[in-house]
Amino acid sequence: MTATTAAETTAKRRSLTAAASEYIDERTSVSVVVKEFGRKIFPDHWSFLLGEVALYSFIVILITGTFLTFFFQASQADVIYHGSWVPLKGIQMSAAMNSTLNISFDVRGGLLVRQIHHWAALLFVASIGLHMLRIFFTGAFRKPRELNWVIGFTLFVLAMAEGFTGYSLPDDLLSGNGLRIIDGLIKGIPVVGTWISFLLFGGEFPGTSIVGRLYTLHILLLPALVVAFIALHLVFVVVHKHTQYAGPGRTQQNVVGYPVLPVYAAKAGGFFFIVFGVLALMASLFTINPIWLYGPYDPSPVSAGTQPDWYIGFADGMLRLMPSHWEFVWLDHTWSLNVFIPVVILVLFLVVVAIYPFIESWVTGDKREHHILDRPRNQATRTAIGAAGVTFYAVMWAAASSDLVATHFKLTMEGVIGALQVLLILGPIIAYFITKRICIGLQKKDRSIALHGYESGRIVKLPGGEFIEVHQPLDEYERWRLVSYETYQPLMLRPDSRGRITFGRRLRAGMSRWFFEDRLEPVTKGELEAGHDHH
Amino acid sequence: MRETTHKIARRRKTGRRHPFATVALIAIGLGLTGGAYAAFNATGSTADAAASSQSDIDAGKKLFQANCASCHGLEAQGTSEAPSLIGVGAAAVDFQVGTGRMPMAMQGPQAQEKPSQFTQDQIDQLAAYVASLAPGPGIPDSKYTDGDGDAAKGAELFRVNCAMCHNVAGAGGALTEGKYAPPLHGVSPTHVYEAMVTGPQNMPVFNDKNISPEGKRDIITYLRFIQQNPSPGGFELGALGPVAEGLFIWIFGLGSIVALTVWITAKSN
Amino acid sequence: MAQDDNGGTEITPAASSAVDRRPGDPGTAVIVQDAAENPGFPPHRARITDKDPRKQRRAERTVYTLFYVSIVGSIWAVAAYIAFPIESGNIADVRVSTLAIGIGMALALLAIGFGAVHWAKALMADKEGIDIRHPVRGSDETRDRAVEIFKEADTESGFGRRTLIRNSLIGALVAFPLPAIVLFRGLGPMNEDPVKLLSHTMWKRGTRLTRDPSGTPIKASDVTIGSVFHVIPEGLNDKEDALDQKAKAAVLLMRLDPKDLHPRPSRKDWAYDGIVAYSKICTHVGCPVALYEQQTHHLLCPCHQSQFDITHEARVIFGPASRPLPQLPITVDADGYLVAQSDFHEPVGPSFWERH
């Protein structure tokens, strides 16, 4: 009896927040979540925010996209335009194009939201790309994060698909020609191409179904997949805990940084608003995708400078890089290698990106977990492979704007394409060797700095008349960043238990030699001490 | 309606069977071609001929012999280096000289636009001289270059006939072997019109039977509309389409955001 | 030094052990016995806002000012929505409205963002924490229990033992999605043969060549040398599936000096007095090959830069295309209008598997 009264009095004195927390916790046990994750540590580094940029631009896309769905009509029914854009008045177009124009010119703030949506889409894919590069060059894909790399890769592909389906929805001239290219690309696939094209377009190109179908993919299926994969991606980030760069006090067994509550939440939450704000600013100042200039899709006109959005550029560029006459009739069928080879190259490229973590772990045989990130220079071969991959992608990408490169740099388009064809092969090789040499050079520099300190720029004359430069020694914290890395030695080719040397072993030994032949061992304690004695 | 078309089609078919039909057709076709050509040229030059006096023609001839004859020949008959100008009309002269393309500064894939070396009076004299050599398209009447036509019709014609080279926004584009279709912003309506009727360099000719003078006026109206109305979405990034947008998002969009991430994670003082 | 699994607490500069205790095979990794030692956490460096109360107050002022600015931005955006109507139909109004609303929203968002981050950086406790990691794999105990559970479930259900049940279930599970896949057959047309559709266009003997988009017929005499006409077949605009037809039937018409044309003997009469008609749909992936250079007589596709030489039956001279553009045989009718002699003699547009 007395106990109840006491409890009641305390309850009365409790604040509203406390009462609300009580109510919710009794029904959700949310306190467990807060206890588990409220003080979870996140390390602070600018490059760890790139994934967040992707996440935030996706949220912006969801918010603005929802607004757009209220006005957009995914239909290819013929209508006559009667809106505000004079140069299209009285022109016949699809309801999709008409409604997109109405969003732009006859819904207040509509153009702003459309432009935020499109800029956010470009930023979404770009930030995923940069995030992937960071993961790759720092080795953050190593055990236990290989599967999360694959999930992230899947998100990259889904993001491109989201982008392309969205780009095609307004049914304008530019995106229509983009779909025309996709149709041609699909038709070039041996055996099944014609039928895939007919199933996709509901008959002959362009038909009247494609916009509606892409819309379903764009606002239902693909976003659901993206959300699911993002959720999975983040669950793994929590399970694995965040990686960190090497630094004093940081080990493979800890993670050093700021707690979620309050610092990280404030920074990450604030960053969402910053990303959204930058997108809003860009959208209010810069035109994107002016469909009113492109006009409605019609299979006859085309604009000079017809290009896809940047993330499809590499595929378009690869198509442009094929030489002439790679098509023949054989066994009574047309083999469009001029179209199919680019598709195969693109798929292979993407597959190599997706499975790279497994290749590297097979080569090293390292089954330990890795939570300290590599400095790219300390993994010279991986960094060089990455640079080669980036160059390969960049050449394909540049090829997608071969015509603009030609006009802006006063070159011939034939010359630009020819040069890029050569660069597609040579560029990655050159990039590989240059990067590898730079990495090893930097390793040597690090080693010398760790042992002898920085060059201070102060020249002293020794009693013997000799001039030397005084070296400024590092403090132990700085030095630790330079010396705390791992190396691997090349695998010796040995016969297996049955005394055989299999192809797999031979390949692995070869790859291992390729990866780790040129390397510098980290400075040891003994060397450091010797170095100190020297000065 | 459909019935009649069928009938016509059938009659046409039966007519074609006659052995002389082909010959007759060709004869008629040739006659029409020549007739229309002459008629078209005549209409083109009438206004022009009336406007120019003999003194203009004489002054033009002097200018021509001083500035153009070294390549085009003393009588504008053409040489191995440059084409004959007989019959190109005043429009061609006004366009080529007025936009500074002629006299050509140097040999290249195509003549470049540059500040004109002549005053408008001198250009008119040159034009009068060349027009006096043989009939050709004249300088367009100002009623076709006032830009008060139908912008929507013009935009449609522009998309079908012009956008593939000059880009939907008139930003220009690449042609083969280093040639290019120039941007149309800032080009005077008269020069746009003259380019269409004369087909300078590799540009095809769009005669009045292909795009009527009213259609050309509509195209000029559309170009004027997009030049006078700033893009409703904000700065245009060169109207170059997705490439410019992609570069912008990487360099400025992602660039500024990366700069901000550095600020966010830098330790406060 | 207090360390916690999660919700790490304040850390103190102390040498932490650098011994690598990670389980698992290191593979070919070099294990250096004499590795340099981790010096432990560096000493904490206080921020100016920790040391100087005036700076702290200033930071506070900055943060709340930013939040107030954000409110101003939001109000501005709402006011701009009302103040700048776009219903007049004047396109300049759209730009003003977009700019005004957008700047307000950007201000509102950026000010919240900068405020929150500045708060976190300058004012919130500058205490780094650490979490301890555990191997991602479950403990041996947990794993044993998991294996046990599977074994128990297997015994209790007989999944491993009753193989007929198991295998028939697997079969059923493989078979059940098949109807769903088959249903998607309906995405494409049921009673049409794609190959037949792709092989024919609207053009037939006697179809007049008309201007795109007006649909007015073209006389041979209209096409002067150096001209290019964008052409559609007569009656296309009245078709129900006009765009589908146009995607195959679009044609480019040019007049060259007949001396410049070099047709093979069988195509000698496909042109009319130097007037030739070629499919406008690229044989690469289908873009309109619409760029005609009247002096070089080259056609250029703006999408992938394939080039075709009109003087030699539109053969490919550059770019990824392989096949020449199909030629439409033309002539003139009794009234002097250009007409097709027949349909194209081959499928137009991009190649497809069944094409031969």
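Located above this text is the structure these notes cover.
Below is a summary of the structure that appears in this document.

About the cut-offs
Residues numbered from 1 in each chain as written. Chains lettered and ligands numbered in written order. Predicted model: local features only at pLDDT ≥ 70, side-chain atom pairs only at ≥ 80, totals over all residues. Heavy atoms only, no water. Helix = DSSP H or I, 4+ residues; strand = E, 2+ residues; numbered from the N terminus. Buried < 20%, exposed > 50% of the residue type's maximum accessible area, 1.4 Å probe, protein only. Areas by Shrake-Rupley, 256 points an atom, 1.4 Å probe, with all protein chains shown as cover. Expected span 1.5 Å × (residues − 1). Polar contact = N/O pair within 3.5 Å; in protein donor to acceptor, adjacent residues only side chain to side chain. 1 Å grid on protein atoms, 1.4 Å probe; cavity = no way out; pocket = protein on both sides within 12 Å on 5 of 7 lines; lining within 4 Å. Points joined across faces, edges and corners; volume = space filled by probe spheres on them. Nonpolar A, V, L, I, M, F, W, Y, C, P; charged D, E, K, R; others polar. Contact = heavy atoms within 4.5 Å. Buried area = accessible area lost by both parts, 1.4 Å probe. Salt bridge = Lys/Arg side-chain N within 4 Å of Asp/Glu carboxyl O. Pairing = 2+ DSSP bridges.

### Quick look at the overall build of chain B
Inference 1: Of regular secondary structure, chain B possesses 11 helices and 2 strands.
Inference 2: For chain B, the sequential pattern of α-helices and β-strands runs α-α-α-α-α-α-α-α-β-β-α-α-α.
Inference 3: The buried share of chain B, reckoned over its 269 residues, is 51%.
Inference 4: By element, 61% of the accessible surface of chain B is carried by carbon and sulfur atoms, the whole surface being about 12400 Å².

### What about helix α2 (residues 53-83) of chain C?
All names here are of chain C.
Inference 1: Compared with an ideal rise of 1.5 Å per residue, which puts 31 residues at 45 Å, α2 spans 44 Å between its outermost C-alpha atoms and is within 8% of the ideal.
Inference 2: Among all positions of α2, only Ala 59, Val 63, Ser 70, Gly 73, Ala 77 and Ala 80 are buried.
Inference 3: Residue Asp 52 occupies the N-cap position of α2, its side-chain oxygen lying 2.8 Å from the main-chain nitrogen of Arg 54.

### Quick word on the layout of surface pockets
All names here are of chain A.
Inference 1: Space inside the second largest pocket adds up to approximately 1300 Å³.
Inference 2: Forming the boundary of the second largest pocket are 40 residues, of which Ala 161, Phe 164, Ile 182, Leu 185 and Ile 186 lie nearest the centre.
Inference 3: For the lining of the second largest pocket, the elements supplying multiple residues, two or more each, are α7 (146-168), α8 (173-187), α9 (193-201), α10 (210-240), α13 (313-321) and α14 (337-364).
Inference 4: Sort the elements by how many residues they give to the lining of the second largest pocket and α7 lands first, with 8 residues.
Inference 5: Classifying every residue of the lining of the second largest pocket gives 32 nonpolar, 6 polar and 2 charged.

### A few points about the interface of chain B and chain C
Think of interface size as the accessible area that goes away when the parts come together; that is how it is often given.
Inference 1: Contact with chain B, which involves 45 residues of that partner, is made by 52 residues of chain C.
Inference 2: Where chain B abuts chain C, roughly 4300 Å² becomes buried across the two surfaces, and 57% of that area is made up of carbon and sulfur atoms.
Inference 3: Joining chain B to chain C, the criterion identifies 2 salt bridges.
Inference 4: Taken together, the connections running from chain B to chain C amount to 20 residue pairs in polar contact (both at pLDDT 80 or more).
Inference 5: Elements that contribute at least two residues to the side of chain B that touches chain C include exactly α1 (2-16), α2 (21-51), α7 (151-161), α8 (163-166) and α11 (242-265) of chain B.
Inference 6: Looking at the side of chain B that touches chain C element by element, the count peaks at 9 residues for α2(B).

### Re the interface of chain A and chain C
Inference 1: Counting residues at the interface gives 131 residues for chain A and 114 residues for chain C.
Inference 2: Surface buried jointly by chain A and chain C totals about 10200 Å² across both partners, of which 61% is contributed by carbon and sulfur atoms.
Inference 3: Across the chain A-chain C interface, the total number found is 6 salt bridges.
Inference 4: Put simply, chain A and chain C have 51 residue pairs in polar contact (both at pLDDT 80 or more) between them.
Inference 5: By residue number, the principal contributor to the side of chain A that touches chain C is helix α11 (residues 260-285) of chain A, which donates 16 residues.
Inference 6: Taken together, the residues that form the side of chain A that touches chain C break down as 58 nonpolar, 43 polar and 30 charged.
Inference 7: For strand β5 (residues 254-259) of chain A and strand β1 (residues 129-132) of chain C, the ladder comprises 4 bridges, and the chain directions are antiparallel.

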